[in-house]
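Notes for the structure review
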Amino acid sequence: MKIIAGGAATSAHEDTAGAGSRPFPARETVRCEVKTRGIRLVEKAWRVGVLTGGGDSSGINAFLRALCVGVWKRGGEVIGIRNGWKGLVEPDLQVLTPADVLDVTLKPGTILGTSRDKVHKFPTADGPVDMVPTVVENYEKDGLDALIMLGGGGTAKNAMRLVDAGLNVIHLPKTIDNDIAMTDTTFGFATALEIATE
């Protein structure tokens, strides 16, 4: 796992633009190949961020692996945003590599961490603050081309706020409650139902 914000740079491919700036990698090849699995990373032409919000449910890590493989095969780079909205507001990011995701399919929870914070009512020492402008600024500063968010109803509402602010956002309905409008089923629901009825 390569940490690219919230700590010191850990890769030769990362650059620190100037004094006081936080480290972030250039759009270069991530030197991690898994030839036995048929994946070889190439030069990155585009970059997507992914975060998980709300409670845990089955299938999150499996989705993260599938997302990474699909993006890599299309010449992109996946940036993991740690601990939900906190990782966007107070940047805590990591480049996801094959070593991070290839063996996580059956692991519970989320390798990225999660939170239930609301982007428009983000908790601070001075009370709730609307952090949408901060998220937009960090999205652009970090060179993201799109943001993928896994979560339930609250995450969907937060996603819409960012769409209204002009960002490219995809919301994936993830909740054991299966209560997202215009969605046949949410991932995590089938497993929760099966366990509850055993």
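Residues numbered from 1 in each chain as written. Predicted model: local features only at pLDDT ≥ 70, side-chain atom pairs only at ≥ 80, totals over all residues. Heavy atoms only, no water.

Further remarks concern the pairing of strand 4 (residues 46–52). Most of strand 4 sits out of view: 6 of its 7 residues are buried. Bridge analysis of strand 4 against strand 5 (residues 76–81) gives 5 bridges, and the strand direction is parallel. Its bridge partner lying in strand 5, Arg47 is registered against Glu77. Across 5 bridges, strand 4 lies against strand 7 (residues 146–151) in parallel orientation. From the neighbouring strand, Thr52 faces strand 7, where its bridge partner is Leu150. (Buried < 20%, exposed > 50% of the residue type's maximum accessible area, 1.4 Å probe, protein only. Helix = DSSP H or I, 4+ residues; strand = E, 2+ residues; numbered from the N terminus. Pairing = 2+ DSSP bridges.)

Moving on, we come to the pattern of salt bridges. In the structure shown here, the tally under the stated rule is 3 salt bridges. Notably, a salt bridge pairs Asp92 with Arg82, separated by 3.6 Å at the nearest N-O pair. Within this pair, whereas Asp92 is found in the loop between helix 2 (86–89) and strand 6 (93–95), its partner Arg82 is found in the loop between strand 5 and helix 2, the two being separated by 10 residues in sequence. (Salt bridge = Lys/Arg side-chain N within 4 Å of Asp/Glu carboxyl O.)

When helix 4 (residues 132–141) is considered as a whole, its buried residues turn out to be Val132, Val135, Val136, Asn138 and Tyr139. For helix 4, the arc enclosing every buried residue in end-on projection is 170 degrees, short of the 170-degree limit, so these residues lie on one face. Residues Pro133, Glu140 and Lys141 are exposed on helix 4 and point more than 90 degrees away from its buried face. Tucked inside the fold, the buried residues of helix 4 contact helix 2, strand 7 and helix 5 (153–164). (Arc of directions from axis to C-beta. Contact = heavy atoms within 4.5 Å.)

Within the element layout of this structure, Val69 appears in helix 1 (residues 60–73). For Val69, a relative accessible area of 12% gives the class buried. Sequence-wise, Val69 and Pro98 are 29 residues apart; in three dimensions their C-alpha atoms are separated by 8.3 Å.

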